[in-house]
Amino acid sequence: MTFQLPVEGLVTVTVDVRGKRIRIESVGMLVISDGSTLWNLSKSTSHVTIDNVAKTSSPFTDPASLFEFSEHYTAAIVSHSGRHYTLDLTPDVHLASLLKAAGGAEKLTLDLTVNGKTVTIVKAQVSSSRGTQQTSALRITPLKKLRDEDFKLTVTSVMKVTDLRE
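Here we summarise the structure given alongside this text. Fair warning: this is a prediction, and the values are worked out from it, not measured in the lab.

**Section: the overall build of the chain**
Piece 1. Of the regular secondary structure elements, the chain holds two helices and twelve strands.
Piece 2. The globule rule puts the C-alpha radius of gyration for 166 residues at 15 Å, and the 17 Å found for the chain is close to it.
Piece 3. The buried share among the 166 residues of the chain stands at 37%.
Piece 4. With the model as given, the accessible surface of the chain reaches about 10000 Å², and the carbon-plus-sulfur share is 54%.

**A word on the pairing of strand S11 (residues 131-139)**
Piece 1. Alignment of strand S1 (residues 2-5) against S11, held across two bridges, turns out to be antiparallel. Bridge pairing in S11 links Thr 2 to Arg 139.
Piece 2. In the sheet, strand S10 (residues 118-128) pairs with S11 via five bridges, with the strands oriented antiparallel. If you follow Ala 124 over to S11, its bridge partner there is Thr 135.
Piece 3. Linking S10 back to S11 in an antiparallel pair, the connection comprises two residues.

**Focus: unusual backbone geometry**
As a rule of thumb, non-glycine residues mostly have phi less than zero, and peptide bonds are mostly trans rather than cis.
Piece 1. Backbone geometry places Lys 20, a non-glycine residue, at a positive phi of 55 degrees.
Piece 2. Relative to the helices and strands, Lys 20 is located in the loop between strand S2 (9-16) and strand S3 (21-25).
Piece 3. Owing to a relative accessible area of 40%, Lys 20 belongs among the partly exposed residues under this scheme.
Piece 4. Backbone geometry at Ser 46 places phi at a positive 55 degrees, although glycine is not the residue there.
Piece 5. You can see Ser 46 is positioned in the loop between strand S5 (37-42) and strand S6 (47-52).

**Considering the pattern of salt bridges**
Piece 1. Evaluation of the coordinates by the stated rule reveals nine salt bridges.
Piece 2. The salt bridge partner of Asp 163 is Arg 165, with a shortest N-O separation of 2.7 Å.
Piece 3. Among the residues examined, Arg 165 registers a relative accessible area of 37% and is labelled partly exposed.
Piece 4. Connected through salt bridges with shared partners, the residues Asp 16, Arg 21 and Asp 148 form a single ionic network.

**Topic: the side chain of His 72**
Piece 1. One can find His 72 in helix H1 (residues 69-72).
Piece 2. Ignoring any residue separated from it by four or fewer positions in sequence, one finds His 72 in contact with Ser 65, Thr 90, Pro 91, Asp 92 and Leu 95.

**Things to note about the sheet that holds S10**
Piece 1. Pairing within the open sheet is mixed, and its twelve strands lie in the order S7-S8-S9-S10-S11-S1-S2-S3-S4-S5-S6-S12. Each having just a single partner strand, strand S7 (73-81) and strand S12 (160-163) make up the two edges of the open sheet. Averaged over all adjacent pairs, the angle separating strand axes in this sheet is 20 degrees, with direction ignored.

**Some points on the nonpolar core**
Piece 1. Ranked by internal contacts, the top residues of the largest apolar core, which has 24 residues, are Val 13, Ile 22, Ile 24, Leu 66 and Tyr 73.
Piece 2. Only S1, S2, S3, strand S4 (29-33), strand S8 (84-91), helix H2 (93-101), strand S9 (107-115) and S10 provide two or more residues apiece to this core.
Piece 3. For Tyr 73, the contacting residues outside a window of four places in its chain are Ser 65, Leu 66, Glu 68, Leu 89, Thr 90, Pro 91, Leu 95, Leu 99 and Leu 108.
Piece 4. Core analysis: the next-biggest nonpolar cluster, separate from the first, contains nine residues, Leu 30, Leu 41, Val 48 and Leu 153 among them.

**A few points about the side chain of Ser 26**
Piece 1. For Ser 26, the location among the structural elements is in the loop between S3 and S4.
Piece 2. A residue is classified by how much of its surface remains accessible, and Ser 26, at 6% relative accessible area, is buried.

Thresholds applied
Residues numbered from 1 in each chain as written. Predicted model: local features only at pLDDT ≥ 70, side-chain atom pairs only at ≥ 80, totals over all residues. Heavy atoms only, no water. Helix = DSSP H or I, 4+ residues; strand = E, 2+ residues; numbered from the N terminus. Rg over C-alpha atoms; globule rule 2.2 N^0.38 Å. Buried < 20%, exposed > 50% of the residue type's maximum accessible area, 1.4 Å probe, protein only. Areas by Shrake-Rupley, 256 points an atom, 1.4 Å probe, with all protein chains shown as cover. Pairing = 2+ DSSP bridges. Salt bridge = Lys/Arg side-chain N within 4 Å of Asp/Glu carboxyl O. Contact = heavy atoms within 4.5 Å. Axes fitted to C-alpha atoms, helices over the stretch in contact; angles between N-to-C directions. Core = buried A, V, L, I, M, F, W, Y, C linked by side-chain atoms within 4.5 Å.

As structure tokens, then:
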């Protein structure tokens, strides 16, 4: 999934559903989980925090949960006119930490058009404590092949490392 935010710029989310791996990247940050280890890199400070993935249910143990809207979000219809709906999606506590790391998102608002069995996202907005940002160029694309190196972070000598693993 890729989308553009006015403050963060281009955000790319790559999820390996079978391997339970996730990569979230923007101009300023990179968060990677291979299912057991979590790397959080601030690109501006070259500071990386490394930690174990929590054993409890979280998006880092099951990244597919990001896309399981009926199970992991509370939905409320804000407005409805004909085939057009505005829907607020509030993430559950398990997703809230991941969305916070990916730009501070607290709520998603989707403008949808329904045509038969097809639902098209016309507009998406992300609300956070810093205000509401409209996404643009929202695209969800299935990938045929994933590269293992996309789910690993190579720590370089210029990076400041905080390793919280025990």
